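Here is how the chains run, residue by residue.
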Amino acid sequence: MSFSSEIRAELCKKTDRALHCRIAMLAGLITLDGKMKLQDGRRCMSIRMEKDEVCDTVKRLLQMVFNIGEEDYETVPRPQGGARIRIYQPELIHRIFQTLKLSELDGKLDTDDIILSQSCCRIAFLRGTFLAAGFMANPEISYQMEIVTDRDTVTDQVLTVLSGFDVTGHVTERRFSQVVYIKDADGISETLGRLGAAGAMMEFENIRILKGIRNNINREVNCDTANITKTANAAVRQIECIRKLEETVGLSALPAGLQELAQVRIDHPDLPLKELGELLDPPIGKSGVNHRLRKICEYAANPDLLR
């Protein structure tokens, strides 16, 4: 099951107690899933749901809000899942319009902002829009939560609800639709919690924590690898300089302290500077070793200084 499906299944089980919140949730669903159209020469309200659980939720809300059952509308299953609900009764359509504060333009349905007047109703409305057209990426791969709309009015309402709990939504165009999306992990977690998807929020946070641990480990490994590579490259350059001095003036031309270090470096090519210094007599610190090796490399660049 995808992460979107997990969220949807959890939200479909949630039923608000207050009638005004049920109205707001149904309004959110119908503004994105519903249309007015002519069907077989009759005017009807058509509500298309792509998932069976969302269809069941719409039917439950219709019964709770309007006290109507399946005998009052036509249900047409969709081959790929979900169904269409078609309502033909003019008086019932009128009642739905009045209760949900709907308006129609070119068959598309909008709800008045008065539906969003209470904070609890704004959350219920957002829950409805997510059930109708929401998507959540697999958080193992990326952080992205979306609600796809087809007009400015619904986009603005979704953005208003998100800003009400300090979550910044962004908008992009995709084909003929607008996409309200959240990429901030904190914003996604906050939104899931507000919607009532507590289980999905906890799973998201667990994945987020594990990703953080993995990223920290990878950074440490990469840092260690970089340091090892840097140390190895430096050792190779130092040994090349020592070999060059051997071939030109001989190591015996070096001052005693440099000569001793050159021999220790050749004998222990893998040791870091601190451990090289401990092998000298008397031992010296890391900075002292580094200074002497730089001096050896200066002589290798200009062996005539030792002649």
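Going by the structure above, here's the rest.
Residues numbered from 1 in each chain as written. Predicted model: local features only at pLDDT ≥ 70, side-chain atom pairs only at ≥ 80, totals over all residues. Heavy atoms only, no water.

Draft legend 1. Broad picture of a nonpolar patch on the surface. Together, Ile209, Leu210, Ile213, Ile217 and Val221 line one region of the surface with nonpolar side chains, adding up to about 450 Å² of accessible area. Take isoleucine 213: it is sitting in helix H8 (residues 198-248). Judged by its relative accessible area of 45%, isoleucine 213 is partly exposed. (Patch = residues over 30% accessible without salt bridge, like charges linked within 9 Å, V, L, I, M, F, W, Y side chains within 5 Å. Areas by Shrake-Rupley, 256 points an atom, 1.4 Å probe, with all protein chains shown as cover. Salt bridge = Lys/Arg side-chain N within 4 Å of Asp/Glu carboxyl O. Helix = DSSP H or I, 4+ residues; strand = E, 2+ residues; numbered from the N terminus. Buried < 20%, exposed > 50% of the residue type's maximum accessible area, 1.4 Å probe, protein only.)

Draft legend 2. Region of interest: unusual backbone geometry. For the bond running from aspartate 281 to proline 282, omega is 0°, close enough to zero to count as cis. Relative to the helices and strands, proline 282 resides in the loop between helix H10 (273-278) and helix H11 (286-301). A positive phi angle is found at aspartate 166, which is not glycine, with a value near 60°. The residue aspartate 166 is located in the loop between helix H6 (152-164) and strand E9 (170-174) in this model.

Draft legend 3. Focus on the pairing of strand E5 (residues 102-105). Alignment of E5 against strand E6 (residues 108-111), held across 4 bridges, turns out to be antiparallel. Its bridge partner lying in E6, serine 103 is registered against aspartate 110. Hairpin connection between E5 and E6: a loop of 2 residues separates the two successive antiparallel strands, and aspartate 106 in this loop has a positive phi of roughly 55°. (Pairing = 2+ DSSP bridges.)

Draft legend 4. Region of the structure containing the side chain of serine 4. For serine 4, the location among the structural elements is in helix H1 (residues 3-12). Judged by relative accessible area, serine 4 falls into the buried class, the value being 4%. Within the local environment of serine 4, its side chain forms a polar contact with the backbone nitrogen of methionine 136, the two atoms lying 2.6 Å apart. Not counting chain neighbours up to four residues away, the residues in contact with serine 4 comprise Phe135 and Met136. (Polar contact = N/O pair within 3.5 Å; in protein donor to acceptor, adjacent residues only side chain to side chain. Contact = heavy atoms within 4.5 Å.)

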